[in-house]
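Spelled out, the chains give:
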Amino acid sequence: MIRLFKHYIPYPLLFLGLLDIILLIAAAEVSWIVRANQIGMNAGSIYDRPAPIVSFAVALEFALIAVGVYGTEALQSLKFAAARILVAISLGVIFLSIMAFIMPGITLWRSNSLYAMILSIVLLMTVRIMLGTVLDSNVFKRRLLILGAGPRANRIAMLASKQESGFIVSGYVDMNEGPAKVKTAIKRSEIDNLPQHVIDLEVSEVVLALEERRNSLPVADLLTIKTTGVHVNDMSSFLERETGRVDLDSVNPSWFIFSDGFSSGRRISTAFKRSFDILLSLLLLLFTGPIILAFAALIKLESKGGAFFKQERVGLYGQKFYILKLRSMRADAEVAGQAVWASENDPRITKVGSFIRKVRIDELPQAWSVLKGEMSFVGPRPERPQFVEDLQTKMPFYAERHMVKPGITGWAQINYPYGASIEDSRHKLEYDLYYAKNYTPFLDILILLQTIRVVLWSEGAR
């Protein structure tokens, strides 16, 4: 994996993404030449028209990311990939068509956009057919040696067995900690020279999955291994990198204190984030105002009660504030204000409410909270005070999620389905902690793009 702006990206995805950009540029250029020849015009050189060619490639690449073309399912299923590519190309061209009225000089001619679309689809699908097995093979996967054979090592073994994992385990070393869960592990006493064993296996990384470090950590051997150029990592950092979340079962306070992240040098990033929030919230309220009012009228017609409702939530540093949403449940959904988890096929949800929840229209009024500065567009979802009080007593590090401003969408929302239980909240907390720890504007942009996928396919809506 490569770390880009604190976020890890697998090499196969980076390689495929760069290849896609090259193919999109080629598709735009070839379509330009074909259309120019049809009308008897001198096509010239690509250097004469960098703006329309590059804008086409960039717009469509963003669309590919937004609809999940680089997700696990799309990489494993050509049918799934084809469907997402078609949607991405359509969205990209629609966006470029809108931009054509604003900045005509940066877009392709409408007459050759169709050629570019068709050629892009053909090229993108061809490269996936040709490289599908290669991208999913062991060519790009890192080779690991795991020190440990207990439950922690077994968790890594289960992770490695998944098809989408980016690594293979070359071996396990039982450090004599007790009963071994991994039966294929080699006893430490059977290895004369651990550093040489690492070299012989040609591994690029050693992961410490020890149940108890104090008596079993081979400090001298690890120092030698490190100096040979092999990366040495603890299990918590390894799982954070591989899963995109902070694993609550393996972390401890010292890991948070000494690991990279939660940087205080965020003034520029924070200023950028706030400026972006103000601009986007103003635009969103301006353009979606008629939609909000239309559905507010439908809500009033369907059931008694107000079209909007205010609800207390916990925000930055534990401060309480009120969010504004379109009402999607009956007015008597909660008795005496008692907070109740939403459930699948919840009978309290109205017909209009079911629709606006699926397409996230009920969330639009929260842009007002963003404009006021109580929320951001991207961040952990703010929870109700009753739930927060309960969850803080049941989960370690829950309070740390309030060290960043809550958001309308977030890392947990694009990676985990709708959470309506203690266990769901635990999984979402792991993603929220990853976001709080590794926040950069790059991660915000990635989340906003991926939110389009969640909205289009109603992923996680309940």
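Scope of this entry: the structure provided in the associated data block. (Residues numbered from 1 in each chain as written. Predicted model: local features only at pLDDT ≥ 70, side-chain atom pairs only at ≥ 80, totals over all residues. Heavy atoms only, no water.)

So, the overall build of the protein
At step 1: A count of helical and extended segments in the protein gives 17 helices and 11 strands.
At step 2: Counting every position in the protein, which comprises 462 residues, the buried fraction comes to 47%.
At step 3: Within the protein, contacts between residues at least 6 apart in sequence are counted, and of these 74% link residues at least 24 apart.
At step 4: Just so you have it, the protein exposes about 23,100 Å², and 63% of that area is on carbon and sulfur atoms. (Helix = DSSP H or I, 4+ residues; strand = E, 2+ residues; numbered from the N terminus. Buried < 20%, exposed > 50% of the residue type's maximum accessible area, 1.4 Å probe, protein only. Contact = heavy atoms within 4.5 Å. Areas by Shrake-Rupley, 256 points an atom, 1.4 Å probe, with all protein chains shown as cover.)

Concerning the environment of E374
At step 1: Tracing the backbone shows E374 in the loop between α13 (367-372) and β10 (376-378).
At step 2: Classification of E374 as partly exposed rests on a relative accessible area of 27%.
At step 3: C-alpha of E374 to C-alpha of Y322: the two residues are 52 residues apart in sequence and 8.8 Å apart in space.
At step 4: In this view, E374 contacts F321, Y322, S369, K405 and P406; residues no more than four positions away in its chain are not counted.

Examining the sheet that holds strand β3 (residues 142-147)
At step 1: Overall, parallel pairing links the 5 strands, which are arranged β5-β4-β3-β6-β7 in an open sheet. Each edge of the open sheet is held by one strand with a lone partner, namely β5 (186-187) and β7 (231-234).
At step 2: Packed on one face of the sheet, helix α6 (residues 151-160) meets β3, β4 (167-174) and β6 (205-208) and runs near 160 degrees to β4.
At step 3: Packed onto the sheet, helix α7 (residues 194-201) meets β3, β4, β5 and β6 and runs at close to 155 degrees relative to β3. (Pairing = 2+ DSSP bridges. Axes fitted to C-alpha atoms, helices over the stretch in contact; angles between N-to-C directions.)

Digging into helix α8 (residues 219-227)
At step 1: For α8, the complete set of buried residues consists of D221, L222 and I225. Down the axis of α8, the sector holding all buried residues measures 100 degrees, keeping them to one side. Pointing more than 90 degrees away from the buried face of α8 are the exposed residues V219, A220, L223 and T227.
At step 2: For α8, the secondary structure elements touched by its buried residues are β3, α7, β6 and β7.
At step 3: Trailing α8 by a residue or two, G229 shows a phi angle of about 100 degrees, which is positive. (Arc of directions from axis to C-beta.)

A look at empty space enclosed by the protein
At step 1: Considering all chains together, one arrives at 2 cavities of 30 Å³ or more under this definition.
At step 2: For the largest cavity, the full set of lining residues is E383, Y398, R401, S425, K428, L429 and D432.
At step 3: Here the residues of the lining of the largest cavity sort into 2 nonpolar, 1 polar and 4 charged.
At step 4: The space that makes up the second largest cavity amounts to roughly 30 Å³.
At step 5: V314, G315, P380, R381, P382, R401, H402, V404 and P406 together form the lining of the second largest cavity. (1 Å grid on protein atoms, 1.4 Å probe; cavity = no way out; pocket = protein on both sides within 12 Å on 5 of 7 lines; lining within 4 Å. Points joined across faces, edges and corners; volume = space filled by probe spheres on them. Nonpolar A, V, L, I, M, F, W, Y, C, P; charged D, E, K, R; others polar.)

Things to note about a nonpolar patch on the surface
At step 1: The grouping of L91, I452, L456 and W457 at the surface amounts to a nonpolar patch, some 320 Å² of accessible area in total.
At step 2: Residue position: L91 is located in helix α4 (residues 78-102).
At step 3: We classify L91 as partly exposed; its relative accessible area is 33%. (Patch = residues over 30% accessible without salt bridge, like charges linked within 9 Å, V, L, I, M, F, W, Y side chains within 5 Å. Salt bridge = Lys/Arg side-chain N within 4 Å of Asp/Glu carboxyl O.)

Concerning the pattern of salt bridges
At step 1: Scanning all chains against the criterion turns up 20 salt bridges.
At step 2: Salt bridges sharing common partners tie together R142, E205, R241 and E242.

A few points about the nonpolar core
At step 1: Among the nonpolar cores identified, the biggest contains 34 residues, and W411 and Y435 are the most heavily contacted of them.
At step 2: For this core, the elements supplying multiple residues, two or more each, are α10 (253-258), β9 (320-326), β10, α14 (385-394), α15 (411-415), α16 (422-438) and α17 (441-456).
At step 3: Among the elements that make up this core, the one with the highest residue count is α16 (6 residues).
At step 4: When sequence neighbours within four positions are dropped, the list of residues in contact with Y435 reads K273, V378, G379, P380, V404, W411, L443, D444 and I447.
At step 5: Listed in part, the 24 residues of the second largest apolar core include A28, V67, A88 and A116. (Core = buried A, V, L, I, M, F, W, Y, C linked by side-chain atoms within 4.5 Å.)

Examining the side chain of H402
At step 1: Within the element layout of this structure, H402 appears in the loop between α14 and β11 (407-409).
At step 2: On the basis of relative accessible area, H402 is assigned to the buried category, the value being 5%.
At step 3: Filtering out sequence-adjacent residues up to four positions away, H402 remains in contact with V314, G315, L316, Y317, G318, V388 and Q392.

A closer look at the packing of aromatic side chains
At step 1: Taken as a whole and judged by the stated rule, the model has 8 aromatic pairs.
At step 2: With 5.7 Å between their ring centres and 20 degrees between their planes, W411 and Y434 make a pair best called stacked. You can see W411 sitting in helix α15 and its partner Y434 sitting in helix α16, a full 23 residues away along the chain. Side by side, W411 and Y434 carry an identical accessibility label, which is buried.
At step 3: Residue placement shows R84 over the ring face of W457; its charged tip is 3.7 Å from the ring centre.
At step 4: A cation over an aromatic ring shows up here: K310 above the ring of Y322, its NZ or CZ 5.3 Å from the ring centre. (Phe/Tyr/Trp six-rings, centres within 6.5 Å; stacked < 30°, edge-to-face > 60°. Lys NZ or Arg CZ within 6 Å of the ring centre and 35° of its normal.)

As for helix α1 (residues 11-38)
At step 1: Between its terminal C-alpha atoms α1 stretches 41 Å, which fits the 40 Å expected from 28 residues at 1.5 Å a residue.
At step 2: Within the sequence span of α1, burial applies to P12, L16, G17, D20, L23, L24, A27, A28, E29, S31, W32 and A36.
At step 3: Count one or two residues on from α1 and you reach G40, which has phi positive near 70 degrees. (Expected span 1.5 Å × (residues − 1).)

Comments concerning the pairing of β9
At step 1: As defined by bridge partners, strand β8 (residues 308-314) adjoins β9 across 7 bridges and the pair is classed as antiparallel. The residue of β9 that forms the bridge with R313 is F321.

Looking at unusual backbone geometry
At step 1: The backbone of Y317 sits at a positive phi, close to 60 degrees, despite the residue not being glycine.
At step 2: With respect to the secondary-structure elements, Y317 resides in the loop between β8 and β9.
At step 3: Residue classification places Y317 among the exposed positions, given a relative accessible area of 56%.
At step 4: At R360, a position not held by glycine, the phi torsion is positive, near 65 degrees.
At step 5: With respect to the helices, strands and loops of the structure, R360 is situated in the loop between α12 (351-358) and α13.

Nothing here speaks to function; it is geometry throughout.
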